[in-house]
Amino acid sequence: MTDSPFKAALAHVAPVFLDKKATVDKACSLIREASKQGAQIIVFPETYIPAFPVWCALQAPIHNHDLFCELAANSIKIDGPELAMIADTARECEILVSIGFNEGTTVSSGCIWNANTLIGDDGSILCHHRKIVPTFYEKLIWAPGDGAGLQVSETRLGRVGMLICGENTNPLARFTLLAQGEQIHLSTYPPVWPSHDPATNENYDLKNAILIRAGAHSFEGKLFNLVAAGFLGRSARDLLASRDKEAGRILDNSPRGISVVIGPDGAPVSEIMQDEEGVLYAEIDLSCCVEPKQYHDLVGGYNRFDIFQLTVNREAQRPISFLPNNEATPHSAGANPAG
């Protein structure tokens, strides 16, 4: 692990909506640009490839079959050529890459997970995580994940863990990472998350929710939290608005997500990026994480492991298991064969 401060990049950017090839090309371009700026890690938003399915909040599912089919067709596999291209770029630029994607499987043409992978600066897959529980209307799109990706990866920058959006609300998931010595936490979010009609109700304040969750995890773990939210591009907004006369109004008046770096005292150590697309850079100095451990070390002296115990099942879940000596073998969905 490096003892020196390093630069992190947060990609507060829009995908090329529902186009996996063009979105991967854009991701690789951003990785190269971040590397040229001296960044040693870049974090992309939740389900960056090929989009976050915000349409589930805007119309009843009977109107969205075509969008689901298009999302499924543009989902990618953990061992597919799209992630291989991103891994090659990470190796070429010697930079760590965290990227969110809609994950498909050879087992089912219609099963999609909300997934994230951490790619090492040598191009290797360090962690492959599937969102444990899709939130609210997200259940219309994604299958629930498992605990196989609840792991912290040892990197030259430090010990890196990650959770997706609402998982950062789950104290047991967060403690699972803290208890593995997490120093750098990656939080990924959508560009917007409508919960009500803004004309009649107070909408879900995504910015405030992110600051609360990210601040709590950083303060409790005495770590740096790298938060990357997506950006809603004009073309995606207009496409969704063209399908329903109310969709554009709802999107325009729903609070946007933010990208920010939170320090070990729970406060932002970078600017907050929200209303403009771009890449946010920040310096990370892990030496700042040591002194606060004197006050509250939840995975050390400020806990009572004789009172509290947590058991986590990190076994990847498969749709079928065969008894020994059976000639057939279970299908695999890649590094985390839950599909």
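Residues numbered from 1 in each chain as written. Predicted model: local features only at pLDDT ≥ 70, side-chain atom pairs only at ≥ 80, totals over all residues. Heavy atoms only, no water.

Novice: Go over the overall build of the chain with me, naming the residues and quoting the values.
Specialist: A tally of regular secondary structure across the chain gives 7 helices and 11 strands. Overall, the C-alpha framework of the chain stretches about 60 × 55 × 45 Å when taken along its three principal axes. If you take every contact in the chain between residues at least 6 apart in sequence, the share linking residues at least 24 apart comes to 71%. For the chain, the exposed area adds up to about 14800 Å²; of that, 52% sits on carbon and sulfur atoms. For the chain, the distance from the average position of its 27 positive side-chain charges to the average position of its 40 negative side-chain charges is 2 Å. (Helix = DSSP H or I, 4+ residues; strand = E, 2+ residues; numbered from the N terminus. Contact = heavy atoms within 4.5 Å. Areas by Shrake-Rupley, 256 points an atom, 1.4 Å probe, with all protein chains shown as cover. Lys, Arg positive; Asp, Glu negative; His and termini not counted. Charge placed at Lys NZ, Arg CZ, Asp CG, Glu CD.)

Novice: Lay out helix α4 (residues 171-178) in plain terms, naming residues and giving numbers.
Specialist: When α4 is considered as a whole, its buried residues turn out to be A173, R174, T176, L177 and L178. Looking at the packing, one finds that the buried side of α4 touches β7 (159-164), β8 (184-189) and α5 (206-221). (Buried < 20%, exposed > 50% of the residue type's maximum accessible area, 1.4 Å probe, protein only.)

Novice: I'd like to hear about the pattern of salt bridges, residue by residue, with values.
Specialist: One pass over the structure, following the stated rule, counts 19 salt bridges. In this structure, R130 and E103 form a salt bridge, with 2.7 Å as the shortest nitrogen-oxygen distance. Here E103 lies in strand β3 (residues 96-103) and R130 lies in strand β5 (residues 125-130), a separation of 27 residues in the sequence. Comparing R130 with E103 shows no difference in burial state: the two are buried. Here R249 makes a salt bridge to D197, at a shortest N to O gap of 2.8 Å. Here R249, found in helix α7 (residues 247-252), pairs with D197, found in the loop between β8 and α5; they are 52 residues apart in sequence, far enough to count as distant. Note on D197: relative accessible area 27%, which makes it partly exposed. Here the salt bridges share partners, and the residues they tie into one network are R234, R237, D238 and D252. (Salt bridge = Lys/Arg side-chain N within 4 Å of Asp/Glu carboxyl O.)

Novice: Run through the sheet that holds β7, naming residues and quoting values.
Specialist: Reading across from one edge, β6-β7-β8-β9-β10 is the order of the 5 strands in this open sheet, with mixed pairing throughout. A single partner strand is all that each edge strand has here, and the edge strands are β6 (153-154) and β10 (260-262). Sheet analysis places strand β9 (residues 224-229) next to β10, joined by 3 bridges and oriented antiparallel. For V227, the partnering residue across the bridge sits in β10 and is V260. Sitting on the sheet, α4 is in contact with β7 and β8, with an inclination near 165° to β7. Seen against the sheet, α5 touches β8, β9 and β10 and runs at an angle of roughly 155° to β9. (Pairing = 2+ DSSP bridges. Axes fitted to C-alpha atoms, helices over the stretch in contact; angles between N-to-C directions.)

Novice: Now, about the packing of aromatic side chains: what can you tell me, with residues and values included?
Specialist: Summed over all chains, the structure comprises 7 aromatic pairs. Centroid distance F44 to Y48: 5.3 Å. Interplanar angle 35°. Geometry classified as tilted. No difference in accessibility class separates F44 from Y48, as the two residues are buried. Aromatic pair W193 and Y204: ring centres 5.1 Å apart, planes at 65°, arrangement edge-to-face. Of this pair, W193 sits in the loop between β8 and α5 while Y204 is found in the loop between β8 and α5, placing the two residues 11 residues apart along the sequence. Among the aromatic residues, those joined into a cluster by ring pairs are F136, Y137, W193 and Y204. (Phe/Tyr/Trp six-rings, centres within 6.5 Å; stacked < 30°, edge-to-face > 60°.)

Novice: Break down the pairing of strand β4 (residues 113-119) for me, with residues and values.
Specialist: A large share of β4 lies buried, amounting to 7 of its 7 residues. Side chains W113, A115, T117 and I119 of β4 all project onto a buried face; the interleaved residues N114, N116 and L118 project onto the opposite face, where all are buried too. Pairing between β3 and β4: 7 bridges, direction antiparallel. Bridged to I99 within β4 is T117. Judged from the 5 bridges that link them, β4 and β5 form a sheet pairing that is antiparallel. Of the residues in β5, the one forming a bridge with A115 is R130.

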